[in-house]
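Spelled out, the chains give:
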Amino acid sequence: MTVSAEDKMQFLFALRSRGVTDARVLTAMEEIDRGLFVRGLFAERAYEDMPLPIACGQTISQPSVVGLMTQALELNPRDKVLEIGTGSGYQAAILSKLVRRVYTVDRHRRLVREAKAIFEALDLGNITTMTADGSHGLPDQAPFDRIIVTAAAEDPPGPLLAQLKIGGIMMVPVGQSDAVQTLIRVRRTEDGFDYEELRPVRFVPLLEGLGKEA
Ligand code: SAH
């Protein structure tokens, strides 16, 4: 599907009006076609600011939330970033334009396989995909400059906090699984962790173990 210039302009306008103002983030979101990450009829709505269903009963996040979370990560081009919850792969693709290396993990093998195929088609060579329960993080690749969790946890998972570099930032939606959650920004300091509540969000829950069809 081709996106009209007008759809794209409205998309960027909607992002800006909802607080996504970082020029690098907006450029990355202009470059990555969200339509590639949504299947079937829903692809027609890829440029609307709403979450949409993807395979395995999951969702691709609302673009403005992707933008706000990416912006709040305060990324540096040299960063090594871990994403928990690959889903469609859209967030990982945006990150890949902004940092040196992205590791992205999902508990559904199918989602990881489909996202990987899109990364290859787009020649996004700095993304490493993995099927795993991401609440344990990736100890072999740790520590990370930034961690982004795109599923809701009851608390920021301890193993992820442990895998964050000093000076690092983690974004995580925290709260009861099917209610509205709070997006938290965690900064690791020399002495511990600082927590900042940013805004209400609604994400699918972070679940244990691998997806059943895996
Ligand atoms: N970032 C995605 C949207 C994520 S939806 C995008 O850009 O499209 C949340 C994802 O988190 C789902 O795909 C779900 O399978 C995954 N997930 C939930 N619990 C998980 C866990 N413990 N480990 C890894 N992935 C998990």
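Residues numbered from 1 in each chain as written. Predicted model: local features only at pLDDT ≥ 70, side-chain atom pairs only at ≥ 80, totals over all residues. Heavy atoms only, no water.

So, about the site of the ligand. The environment of the ligand is formed by 28 residues, the closest being S88, D106, D133, G134 and L207. One of the side-chain N or O atoms of D133 is found 2.8 Å from a nitrogen atom in the ligand. The backbone of L207 places a nitrogen or oxygen atom 2.6 Å from a nitrogen atom of the ligand. Considering the ligand on its own, with 580 Å² of exposed area, one finds that the protein chains cover 100% of that surface. Among the cavities detected, the one that contains the ligand is the largest pocket. Counting residues per element, the ones that place at least two in the shell around the ligand are β2 (59-60), β3 (80-84), α4 (90-96) and β4 (101-106). Residue composition of the shell around the ligand, grouped by class: eleven nonpolar, 13 polar and four charged. (Near = heavy atom within 4 Å. Polar contact = N/O pair within 3.5 Å; in protein donor to acceptor, adjacent residues only side chain to side chain. Areas by Shrake-Rupley, 256 points an atom, 1.4 Å probe, with all protein chains shown as cover. 1 Å grid on protein atoms, 1.4 Å probe; cavity = no way out; pocket = protein on both sides within 12 Å on 5 of 7 lines; lining within 4 Å. Sits in = over half its atoms within 2 Å of the grid points. Helix = DSSP H or I, 4+ residues; strand = E, 2+ residues; numbered from the N terminus. Nonpolar A, V, L, I, M, F, W, Y, C, P; charged D, E, K, R; others polar.)

Right, let's talk about the sheet that holds β4 for a bit. Taking strand neighbours across the sheet as the criterion, the seven strands line up as β5-β4-β3-β6-β7-β8-β9 in an open arrangement whose pairing is mixed. On the outer flanks of this sheet lie β5 (127-131) and β9 (193-201), each paired with one strand and no other. Across the sheet, the mean angle separating the axes of adjacent strands is 15° when strand polarity is ignored. Sheet topology note: the strand β7 (residues 164-174)/strand β8 (residues 181-188) ladder contains six bridges and is antiparallel. By the bridge assignment, I169 is partnered in β8 with R187. Across the sheet, helix α3 (residues 63-72) lies against β6 (144-149), β7, β8 and β9, angled at about 165° from β9, the strand it touches most. Across the sheet, helix α5 (residues 109-121) touches β4 and β5, and the angle it forms with β5 is around 165°. (Pairing = 2+ DSSP bridges. Axes fitted to C-alpha atoms, helices over the stretch in contact; angles between N-to-C directions. Contact = heavy atoms within 4.5 Å.)

Interpretation in functional terms is not warranted from these geometric data alone.
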